[in-house]
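# Inside the fold
Here are the chains, one letter per residue:
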Amino acid sequence: MHSKKIIPLNSNSGEIPLELDFFKYAQGSHGKRKLPDSTPREEKRRKFHHGERVEINTIQIEEKKPATVHRVAVKGESIPPHMESFAALKTYSIPSHMLSNLASSGYTEPTSVQSYCVPILLENRDLVAISPTGTGKTLAYLIPIFSKLAVPASSSKTKTDTGARAMIIVPTRELAHQIHNECLKLAQGRKWKVVLFSKATANALSQGGAQDNVGGYIIISTPLRLIAALQGGSLELKNVQHLVLDEADRMLDTEFMSQIQEIVNSCTNPNLQKALFSATLPSGAEKIAMEMLHNPIRVVVGLKDTPLPLISQSLTYVADDPSKLPSLLTYLAQPYNPPILVFTSTQTRATSLAEELVLNSISNVGCLHAGMTQKEREDAVSRMRKGESWIMVTTEVMARGMDFKGVREVINYDFPTSVQSYVHRIGRTGRAGREGKAITFFTDDDAPYLKMIANVILQSGFSVPEWITRLPKPSKMKRRLMGHVKRPEAVNPARIIGRRDAIKKRCRGQPRFFLHTNTLTLQGYGHGLKASKKQSRSHYPQ
Ligand SMILES: Nc1ncnc2c1ncn2[C@@H]1O[C@H](COP(=O)(O)OP(=O)(O)OP(=O)(O)O)[C@@H](O)[C@H]1O
């Protein structure tokens, strides 16, 4: 239906043809397609590094670039002064290799959240930090952890140093993996034990490995993995001194709450420091968070629960569910800036949409959801990182924390399930000071929830149609039901009819080719039938 020219990436030379210059964006230059120009690149870096900072009671303003105005509000007792540069870390006796690892990773100046949170954590204070997506929260908690645990595992002999000393808990495997990679950057040149907690690690523990041997100094895990090891008695957390809950509001929601409580209760070290980070923290979650912490400091960068103005946001009316696919195909028939992330509400719909895009000759379609095997998920992330996936169809599993620097656009194919979901989904673009674009499809069924998202868009400084602002405020009940609109499993109802017909015809001894064209699925999507190798290859160049 919509055919696009495939321009192969020259992966051997590492150079990108000019026609595909959209990836120059990933290296920090301007988003619009034009020839590379060093000035905007430098400008972007400055924008990111020099946000406006205002301490609570509006003590201090250091305005540099209006596009990245970051108001910082800090609340708590005896707040340590923030740091202006990474050089200030020297006053905390940070090992020099850490500073050089920061510089060699391209981190020359702290972002706002790092400026404020790093000194607080280095002063052993508990912390809750709310900072928009893509503003560098990961480093804000990793720098203090690495600095405080300055003695790498291999050099430590004392009994009290056995087992895990720092733990970072996150909601998904992919995010744990990403944070592990960030740790490896900071750990370069030193023998740090950084453990990405997996089934294999848990098995090693349960097979009787002594804490000293298998307990890592820094553990990164999802709650479930950790709880399994805890309950199996193979992991002890009594020496944990630093506990970080990333994506804190997700960690404190009903799905994870009891597991988090069990983990926190198992960290019995009297010097335990707790830090919670997220881009969003609704008041209910914040109350729970504050109760978990001891004399905490609260840092809010920007406006709470509001995306950065770097992400241009819009709403698109698509009438009903079957109208979404043609709308998306029409959109993709115009020039667009890959990579694009497309969010759907369920695994089956993600698979179904990815199939439809392939069947409509959209190039380099990827798919990632929690129903896929670990290997399939890892491959999908890796293709995305290498720039091989131009359109990635996914679910909520990718909404939080994932950092693909070059993502230019996010399309909410299915309406988000909450304001938080919206903020995190669209936050996959516009990261590290870059610009991004977010489009949200809405149908008549989504209309009752429209106002909540429209308010977020307005708060970020973008306009919405006037009639939306006049919609009534949804009731509490309605808000709870947001995103739970019943949607068909397949995004293209005609395809189901086609499938049924095909099966019927096959039963009647009709030619098989008809069935074949209706069962095409990409391999590795976790559902559906397999594509022939030939089709798979032609649609998905490796
Ligand atoms: N000081 C810095 N200088 C330059 N780039 C930075 C700096 N700190 C972080 N970054 C980059 O910014 C990007 C976003 O960082 P990170 O993933 O930590 O954001 P985040 O605030 O945790 O986002 P999210 O809320 O989506 O999890 C990453 O690509 C990271 O490498």
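Treat the numbers as computed from the prediction; the structure is a model and nothing was measured.

Thresholds applied
Residues numbered from 1 in each chain as written. Predicted model: local features only at pLDDT ≥ 70, side-chain atom pairs only at ≥ 80, totals over all residues. Helix = DSSP H or I, 4+ residues; strand = E, 2+ residues; numbered from the N terminus. Contact = placed C-beta atoms within 7 Å. Domains from an automatic or database assignment. UniProt positions renumbered as here; feature names shortened; annotations may be inferred. Buried ≥ 20, exposed ≤ 12 C-beta atoms within 10 Å, placed from the backbone. Pairing = 2+ DSSP bridges. Near = placed C-beta within 6 Å. Nonpolar A, V, L, I, M, F, W, Y, C, P; charged D, E, K, R; others polar. Axes fitted to C-alpha atoms, helices over the stretch in contact; angles between N-to-C directions. Core = buried A, V, L, I, M, F, W, Y, C linked by C-beta atoms within 7 Å. pLDDT = per-residue confidence, 0-100. Parallel < 35°, antiparallel > 145°, perpendicular 65-115°, else oblique. Left-handed = near helix turned anticlockwise from the far one by under 90°. Expected span 1.5 Å × (residues − 1). Arc of directions from axis to C-beta.

Attention now goes to the overall build of the chain. Per the secondary structure count, the chain includes 21 helices and 14 strands. Of all intrachain contacts in the chain linking residues separated by at least 6 positions in sequence, the fraction that spans at least 24 positions is 74%.

According to the domain assignment, the chain contains domain 1 (67–301), domain 2 (306–484) and domain 3 (509–541). Of note, the centres of domain 1 and domain 2, computed from C-alpha atoms alone, are 29 Å apart. Each partner contributes to the interface: domain 1 provides 18 residues, whereas domain 2 provides 19 residues. If you list the elements that add at least two residues to the side of domain 1 that touches domain 2, you get helix 5 (173–187) and helix 9 (248–251).

To continue, consider the UniProt feature "domain: Helicase C-terminal" (unreviewed entry) in the chain. The residues that UniProt annotates with the feature "domain: Helicase C-terminal" (unreviewed entry) are residues 324–472. Helix makes up 41% of residues 324–472 and strand makes up 15%, while its end C-alpha atoms are separated by 25 Å.

Below, the discussion takes up the UniProt feature "short sequence motif: Q motif" (unreviewed entry) in the chain. Under the UniProt annotation, the feature "short sequence motif: Q motif" (unreviewed entry) is placed at residues 87–115. Segment residues 87–115 splits into 45% helix and 0% strand. End C-alpha atoms: 11 Å apart.

A few words on the pairing of strand 10 (residues 340–343). Burial along strand 10 is two-sided: the residues Ile 340 and Val 342 and Leu 341 and Phe 343 are all buried. Two strands pair when backbone bridges link them, and strand 10 and strand 12 (residues 391–394) are joined in this way by four bridges, in the parallel orientation. Across the sheet, Leu 341 pairs through a bridge with Met 392, a residue of strand 12. Bridge count for strand 10 against strand 13 (residues 409–412) is four bridges, and the pairing is parallel. Opposite Ile 340, over in strand 13, you have Glu 409 as the bridge partner.

Our focus in this paragraph is the site of the ligand. As a structural note, the neighbourhood of the ligand is formed by 20 residues, with Thr 133, Gly 136, Lys 137, Thr 138 and Ala 432 the closest of them. Among the elements that line the shell around the ligand, the one with the most residues is helix 4 (residues 137–148), at three residues. By residue class, the composition of the shell around the ligand is five nonpolar, ten polar and five charged. Here the shell around the ligand spans two domains, and each of domain 1 (67–301) and domain 2 (306–484) adds at least three residues to it.

Another aspect to go through is the sheet that holds strand 12. Taking strand neighbours across the sheet as the criterion, the six strands line up as 9-14-13-10-12-11 in an open arrangement whose pairing is parallel. One side of each edge strand has no neighbouring strand; the edge strands of this open sheet are strand 9 (311–317) and strand 11 (365–368). Between one strand axis and the next, the sheet turns by 20 degrees as a mean value, whatever way the strands run. Across the sheet, helix 13 (residues 347–359) touches strand 10, strand 11 and strand 12, and the angle it forms with strand 11 is around 175 degrees. Packing against the sheet, helix 14 (residues 374–386) makes contact with strand 11 and strand 12, and its axis sits at approximately 135 degrees to strand 11.

We now examine the nonpolar core. One finds Cys 117, Ile 220, Val 299 and Val 342 to be the most contacted residues of the largest nonpolar core, which totals 124 residues. Per-element accounting of this core gives the leading share, seven residues, to helix 4. Each of domain 1 (67–301) and domain 2 (306–484) contributes no fewer than three residues to this core. For Ile 220, the residues in contact, after removing those within four places along its chain, are Ile 168, Val 170, Ala 176, Ile 179, His 180, Cys 183, Leu 196 and Phe 197.

Of note, the bond from Pro 338 into Pro 339 is cis; its omega dihedral lies within 30 degrees of zero at -5 degrees. Within the secondary structure, Pro 339 is located in the loop between helix 12 (321–333) and strand 10. Backbone geometry at Ser 93 places phi at a positive 50 degrees, although glycine is not the residue there. For Ser 93, the location among the structural elements is in the loop between strand 1 (72–75) and helix 2 (96–104). Unusually for a residue other than glycine, Asp 305 sits at a positive phi of about 55 degrees.

Looking at the chain as a whole, the pLDDT averages 79, with 74% of positions reaching at least 70. The low-confidence segment residues 210–215, where pLDDT is below 50, has ten contacts with residues more than four positions distant or belonging to other chains. Under a pLDDT of 50 for its full length, residues 509–542 has, in the predicted model, 54 contacts with residues more than four places off or in other chains. Overall fold confidence (pTM) sits at 0.80, and the ipTM for the predicted complex is 0.99.

Here helix 8 (residues 223–231) crosses helix 10 (residues 257–266) at 55 degrees, and the two axes come no closer than 10 Å. One element, helix 8, and the other, helix 10, form an angle in the oblique class. At the point where helix 8 passes helix 10, the crossing takes the left-handed sense. Contacts between helix 8 and helix 10 pair Pro 223, Leu 224, Leu 226, Ile 227 and Leu 230 from the former with Gln 259, Ile 260, Glu 262, Ile 263 and Ser 266 from the latter. Among the residues forming the contact of helix 8 with helix 10, the class breakdown is seven nonpolar, two polar and one charged.

What follows concerns helix 14. Taking 1.5 Å of rise per residue, 13 residues should cover 18 Å, and helix 14 covers 18 Å from first to last C-alpha, within 8% of that figure. Residues of helix 14 that are buried include every one of Arg 377, Ala 380, Val 381, Arg 383 and Met 384, and no others. Around the axis of helix 14, the buried residues are gathered within 160 degrees of arc, so they sit on the same side. When the buried face of helix 14 is taken as reference, the exposed residues oriented beyond 90 degrees from it are Gln 374, Lys 375, Ser 382 and Lys 386.

Hydrogen bonds between backbone groups are what pair the strands of a sheet, and the pairing can be parallel or antiparallel. If you trace the eight strands from one edge of the open sheet to the other, you get 1-8-2-7-6-3-5-4, paired in mixed fashion. Since the sheet does not close on itself, it has two edges, and those belong to strand 1 and strand 4 (194–196), each with one partner. For this sheet, the mean inter-axis angle between neighbouring strands, taken without regard to orientation, is 10 degrees. As judged from the four bridges shared by strand 3 (residues 166–169) and strand 5 (residues 218–221), these two strands associate in the parallel manner. Residue pairing across strands places Ile 169 opposite Ser 221, the latter belonging to strand 5.

Between helix 3 (residues 112–122) and helix 4, the shortest axis-to-axis distance is 9 Å and the interhelical angle comes to 30 degrees. As the angle between them shows, helix 3 and helix 4 are arranged roughly parallel. When you trace helix 3 past helix 4, the crossing you get is right-handed. Every residue of helix 4 that contacts helix 3 at Val 113, Gln 114, Cys 117, Val 118, Leu 121 and Leu 122 is listed here: Lys 137, Leu 139, Ala 140, Tyr 141, Ile 143, Pro 144 and Ser 147. Counted by class, the contact of helix 3 with helix 4 contains ten nonpolar, two polar and one charged residues.

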